[in-house]
Amino acid sequence: MAKYVEKLFCLLGFLFGLTASNTLSEGNFSQSQILIVSKSGTHKFTVDVAATAAQRQLGLMFRQKMAADQGMLFDFGEEKLISMWMKNTLISLDMLFVDKTGTILQIEHATIPMSLDSISGNAPALSVIELNAGVTKELGIFEGDQVLHDIFFQE
């Protein structure tokens with residue numbers, strides 16, 4: 001019986017550790033502003049910036065909601081083929097794959113929460129921006145539109 005109680009406490013400690021580490025790490029993201037310039041206008045978002053491998057791995061996992069004008073910018077530091085998934089992500093997202101000039105190359109609309117399926121870019125990208133599902137359609141944001149932020153080199 002004591003072994004089962006010990007295992008239960010270990011499991012609870014592990015689960016609490018996951019919850020606590022997620023709560024703490026949410027505060028470890030720096031925040032920044034991005035502008036997305038489209039034919040429908042200029043749209044401003046406040047984003048958490050995931051610039052380290054640990055931050056990119058955590059992303060928006062475990063978050064239950066996000067304001068309409070918020071998102072996350074994943075900075076990969078160099079252009080490459082990027083593949084993402086929705087493991088432990090509770091909200092549906094639009095994923096924007098963006099090259100080094102800030103041009104939106106690809107939009108994956110309304111991703112499936114908790115899915116382990118790979119969501120891959122079709123071309124090398126510097127960044128992925130995650131916004132609430134439906135925001136890109138609602139605001140008229142399309143592939144070819146421009147994202148303005150310090151990580152992108154504007155030609």
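Higher on the page you've got the structure.
Anyway, here's the lowdown on the structure attached to this text.

About the cut-offs
Residues numbered from 1 in each chain as written. Predicted model: local features only at pLDDT ≥ 70, side-chain atom pairs only at ≥ 80, totals over all residues. Heavy atoms only, no water. Helix = DSSP H or I, 4+ residues; strand = E, 2+ residues; numbered from the N terminus. Buried < 20%, exposed > 50% of the residue type's maximum accessible area, 1.4 Å probe, protein only. Lys, Arg positive; Asp, Glu negative; His and termini not counted. Salt bridge = Lys/Arg side-chain N within 4 Å of Asp/Glu carboxyl O. Contact = heavy atoms within 4.5 Å. Pairing = 2+ DSSP bridges. Axes fitted to C-alpha atoms, helices over the stretch in contact; angles between N-to-C directions.

Notes on the side chain of Glu130
Turning to its location among the elements, Glu130 is positioned in strand β8 (residues 125-132). One buried charge, Glu130, has no salt-bridge partner; the nearest side chain with opposite charge is Arg63, at 8.6 Å. Here Glu130 is in contact with Leu60, Met66, Gly71, Met72, Phe74, Met84, Leu93, Asp94 and Met95, once residues within four sequence places are set aside.

Brief notes about the sheet that holds β8
Pairing in this open sheet of seven strands is mixed, and the strands run β6-β5-β8-β3-β2-β1-β9 from one edge to the other. In this open sheet, the two strands that pair with only one neighbour each are β6 (104-108) and β9 (146-148). Sheet twist, expressed as the average angle between the axes of neighbouring strands with direction ignored, equals 30 degrees. Bridging between strand β3 (residues 70-80) and β8 involves six bridges; their strand directions are antiparallel. Considered in β8, the bridge of Met72 is made with Glu130.

Details of the pairing of β8
The buried fraction of β8 is high, at eight of eight residues. Pairing analysis gives six bridges linking strand β5 (residues 93-98) to β8, with the strands arranged antiparallel. Bridge assignment links Val98 to a residue of β8, and that residue is Ser127.

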